[in-house]
Amino acid sequence: MAYFKVNGGVPLNGEVSVSGSKNAALPILCASVLADAPCRIENLPEIEDVKRLIEILTAMGATVECPESGVAVIDPSTIKDRRVSTEMATKLRASYYMLGSLLGRYGEAEVAEPGGCAIGQRPMDYHINGMRSLGADVIDRGGIIIARADELCGSDIFLDMASVGATINIMLAASRAKGKTTINNAAREPHVVDVANFLNAMGASIRGAGTDVIRINGREKLHGCTYAVIPDQIEAGTYMIAAAATKGNVVIKNLIPAHLEAISAKLMECGIDVVEGDSGSEFYIRVSAHDRPRPVNIRTLPYPGFPTDLQQPMTALLAISYGNSFITENLFEDRFNHVRELNRMGAHITVNGRTALVAGLEKLYGAEIHATDLRAGAAMIVAALMAEGESIIRNVHYIDRGYEHLVEKLCALGARIERVTE
Ligand code: EPZ
């Protein structure tokens with residue numbers, strides 16, 4: 001097993017370039033199954049989740065070539081197995097996007113439910129109800145979702161919650177259904193828009209992505225295309241928070257500032273300097289700080305609200321604020337597992353249901369800490385970088401799922417971090 005050794009207290013300085021979005025790349029790779037010809041997908045992040053999904057596609061029989069780093073060419077015409085096994089689903093939650101793409105392409109799918117994880121139960125009822133609305137027979141047999149449809153027909157769907165996964169899965173199936181589908185109360189995240197743009201590049205007819213009403217005119221066939229994935233808003237936000245926490249001065253490049261408005265606004269409310277810029281070839285955000293942050297209150301919400309995926313790194317930053325901050329996690333029922341690890345570093349955080357009270361103090365101290373999930377791992381990185389002394393961060397496989405070349409990028413910013421393999 002590997003771990004990270006971090007000597008904290010060093011302000012991050014310099015430039016870092018954002019990689020492709022994990023949460024766009026995964027559904028886009030699944031969406032390529034809907035095409036009747038190969039798709040070339042570019043700007044894929046080199047992270048574990050992408051590698052696992054490519055393994056799953058290959059295991060199903062798709063022909064996948066990776067001619068250069070960050071590029072995959074997928075030919076779904078050789079797919080033989082229309083099932084995603086429990087083993088596959090356990091390896092990668094996002095394999096559940098195969099439900100919409102296999103059903104849309106073949107009229108049948110067998111996809112294991114990934115089940116709960118460290119942040120919550122993660123049910124798929126909105127996904128299943130959406131497929132049924134499109135005319136599929138769907139049964140859940142011992143954690144395996146079995147869906148069949150002689151013909152998918154467009155429908156008017158209303159989501160109980162603006163679920164990212166359900167919005168995308170329904171969009172995938174509806175793109176090849178007969179007739180019109182409307183998704184009401186749709187998720188508006190940038191990665192939802194990116195999947196819609198990819199499908200439209202394949203010849204789909206999707207309008208309204210990025211708003212809470214998405215309209216899809218189903219197409220009988222979809223063709224291949226070449227498409228580049230958008231920059232990862234959560235990776236960008238994580239580096240913005242790390243720059244603030246270490247009182248550094250960092251330019252985060254190759255991002256879309258509009259995707260980061262909630263985190264930029266919250267950091268400015270903390271008294272952090274946040275400046276957006278355009279170098280002519282790409283947008284950037286410069287984050288700099290000379291002091292501890294002011295306390296703020298955070299309520300996570302669906303986009304464009306404050307993203308739940310940055311709640312955990314932000315909790316680490318607020319642990320050294322000049323006062324008390326209240327953080328309310330509205331999206332997931334158990335997304336405070338990072339708190340006990342931060343308290344091991346000297347933080348004063350108490351959790352009551354879905355709200356954490358962060359009593360800010362001057363500094364944290366290095367300790368042996370554990371990543372309990374992907375973004376909790378990001379919180380450990382932020383805390384270790386700003387803490388006084390040495391930290392050991394275990395379970396780094398969680399972090400490898402979603403942050404490309406993390407050690408290299410942080411070392412280029414002056415961080416004293418290394419990966420140690422036991
Ligand atoms: C996506 O998960 C992301 N994952 C998550 O990022 C992110 O935290 C989440 O969206 C919210 O932005 C990927 O994109 C691969 P949801 P998803 O459906 O689609 C409940 C990361 O760190 N719900 O919007 O699963 C659900 O339990 C990951 O990159 C149902 O009840 O999120 C949750 O409480 C972590 N029934 C809420 O809705 C359903 O059928 C929001 O979930 C579906 C969801």
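Residues numbered from 1 in each chain as written. Predicted model: local features only at pLDDT ≥ 70, side-chain atom pairs only at ≥ 80, totals over all residues. Heavy atoms only, no water.

## Re the overall build of the protein chain
Assigned secondary structure in the protein chain consists of 14 helices and 24 strands. Radius of gyration (C-alpha) of the protein chain: 21 Å, near the 22 Å computed for a compact globule of 422 residues. Its C-alpha atoms give the protein chain principal-axis dimensions of about 65 × 45 × 45 Å. When each of the 422 residues of the protein chain is scored for burial, the buried share is 58%. Counting only contacts in the protein chain whose residues sit at least 6 apart along the sequence, the fraction spanning at least 24 positions is 74%. Carbon and sulfur atoms make up 47% of the accessible area of the protein chain, which totals about 16,000 Å². Each charge class in the protein chain was averaged separately, 41 positive and 50 negative side chains, and the resulting centres sit 2 Å apart. (Helix = DSSP H or I, 4+ residues; strand = E, 2+ residues; numbered from the N terminus. Rg over C-alpha atoms; globule rule 2.2 N^0.38 Å. Buried < 20%, exposed > 50% of the residue type's maximum accessible area, 1.4 Å probe, protein only. Contact = heavy atoms within 4.5 Å. Areas by Shrake-Rupley, 256 points an atom, 1.4 Å probe, with all protein chains shown as cover. Lys, Arg positive; Asp, Glu negative; His and termini not counted. Charge placed at Lys NZ, Arg CZ, Asp CG, Glu CD.)

## Description of helix α10 (residues 311-318)
Burial analysis of α10 places 8 of its 8 residues in the buried class, which makes it a mostly covered element. Every buried residue of α10 is listed here: Gln-311, Gln-312, Pro-313, Met-314, Thr-315, Ala-316, Leu-317 and Leu-318.

## Topic: the site of the ligand
By nearness alone, 20 residues border the ligand, and Asp-125, Tyr-126, Ser-163, Asp-309 and Leu-331 come closest of all. Side-chain polar atom of Tyr-96 to an oxygen atom of the ligand: 3.1 Å apart, as the coordinates give it. Looking at the shell around the ligand, the elements that each hand over two or more residues are α1 (22-31), α5 (125-133), α6 (164-174) and α12 (374-386). At 3 residues, α5 tops the list of elements feeding residues into the shell around the ligand. Across the shell around the ligand, the residue classes tally to 9 nonpolar, 5 polar and 6 charged. Each of domain 1 (2-19 + 231-421) and domain 2 (22-228) accounts for three or more of the residues forming the shell around the ligand. (Near = heavy atom within 4 Å. Polar contact = N/O pair within 3.5 Å; in protein donor to acceptor, adjacent residues only side chain to side chain. Nonpolar A, V, L, I, M, F, W, Y, C, P; charged D, E, K, R; others polar. Domains from an automatic or database assignment.)

## Observations concerning the pairing of strand β9 (residues 144-148)
As judged from the 5 bridges shared by strand β7 (residues 108-112) and β9, these two strands associate in the antiparallel manner. When the bridges of β9 are listed, Ala-109 appears paired with Ala-147. Pairing between strand β8 (residues 137-141) and β9: 5 bridges, direction antiparallel. Of the residues in β9, the one forming a bridge with Asp-140 is Ile-145. If you look at the hairpin formed by β8 and β9, you'll find 2 residues sitting between the two strands, and Gly-142 has a positive phi there, around 60°. (Pairing = 2+ DSSP bridges.)

## Focus: the domain arrangement of the protein chain
For the protein chain, the assigned domains read domain 1 (2-19 + 231-421) and domain 2 (22-228). Domain 1 puts 26 residues into the contact, and the matching count from domain 2 is 21 residues. Summing the contributions of domain 1 and of domain 2, the shared interface buries around 1,800 Å²; its carbon and sulfur component is 53%. A per-residue breakdown of the area domain 1 buries against domain 2 is headed by Tyr-303, Arg-401 and Glu-404, which together make up 30% of the total. In this assembly, domain 1 and domain 2 are joined by 1 salt bridge. Seen at the junction of domain 1 and domain 2, the total is 9 residue pairs in polar contact (both at pLDDT 80 or more). (Buried area = accessible area lost by both parts, 1.4 Å probe. Salt bridge = Lys/Arg side-chain N within 4 Å of Asp/Glu carboxyl O.)

## A look at α1
Quick reminder: α-helices carry 3.6 residues per turn. Residues three or four places apart thus point the same way. When you tally the buried positions in α1, you get 10 out of 10 residues, the bulk of the element. Along α1, the positions that sit buried rather than exposed are Lys-22, Asn-23, Ala-24, Ala-25, Leu-26, Pro-27, Ile-28, Leu-29, Cys-30 and Ala-31. Where α1 begins, the side chain of Ser-21 points an oxygen toward the backbone nitrogen of Asn-23, at a separation of 3.4 Å.

## With respect to the nonpolar core
Met-98, Met-171, Phe-198, Leu-199 and Met-202 are the most contacted members of the largest nonpolar core, which totals 77 residues. The contacts of Met-98, once residues within four sequence positions are left out, are Cys-30, Val-33, Leu-53, Leu-57, Met-60, Val-84, Leu-103, Ala-109 and Val-111. Val-6, Ile-272, Leu-342 and Ala-367 belong to the second-largest nonpolar core, a separate cluster that totals 72 residues. (Core = buried A, V, L, I, M, F, W, Y, C linked by side-chain atoms within 4.5 Å.)

## Focus: the sheet that holds strand β6 (residues 83-84)
Strand pairing in a sheet relies on backbone hydrogen bonds, with the paired strands running either antiparallel or parallel. Strand order in the open sheet formed by 4 strands is β6-β7-β9-β8, with mixed pairing between adjacent strands. The outermost strands of the open sheet, each flanked by one partner alone, are β6 and β8. Inspection of the sheet shows β6 paired to β7 by 2 bridges, in the parallel sense. Looking at β7, one finds that Arg-83 is bridged to Glu-110. Set on the sheet, helix α4 (residues 98-106) makes contact with β6, β7 and β9; between it and β7 the angle comes to about 165°. Contacts from α5 reach β8 and β9 within the one sheet, and its direction differs from that of β8 by about 150°. (Axes fitted to C-alpha atoms, helices over the stretch in contact; angles between N-to-C directions.)

## Notes on the environment of Ala-109
Along the chain, Ala-109 falls in strand β7. Residues Ala-109 and Val-138, spaced 29 residues apart in sequence, show a C-alpha to C-alpha distance of 9.4 Å. Those residues within four positions of Ala-109 in sequence are excluded, and the remaining contacts are Arg-82, Met-98, Leu-99, Leu-102, Leu-103, Ile-145, Ile-146, Ala-147 and Arg-148.

## Some points on the packing of aromatic side chains
Within the structure shown, the criterion is met by 2 aromatic pairs. Considering the side-chain rings of Tyr-96 and Tyr-97, the 5.0 Å spacing of their centres and the 85° angle between planes classify their relative orientation as edge-to-face. Tyr-97 matches Tyr-96 in its accessibility class, with the two residues each being buried. With a centroid separation of 5.6 Å and an interplanar angle of 75°, the aromatic rings of Phe-198 and Tyr-227 are classed as edge-to-face. Highlighted residues: Phe-198 in helix α7 (residues 190-201) and Tyr-227 in strand β14 (residues 226-228), separated in sequence by 29 residues. When sorted by exposure, Phe-198 lands in the same class as Tyr-227, which is buried. Positioned over the ring face of Tyr-322 is Arg-292, at 4.1 Å from the centre of the ring. One residue, Arg-394, lies across the ring of Tyr-3, its end atom 4.8 Å from the ring centre. (Phe/Tyr/Trp six-rings, centres within 6.5 Å; stacked < 30°, edge-to-face > 60°. Lys NZ or Arg CZ within 6 Å of the ring centre and 35° of its normal.)

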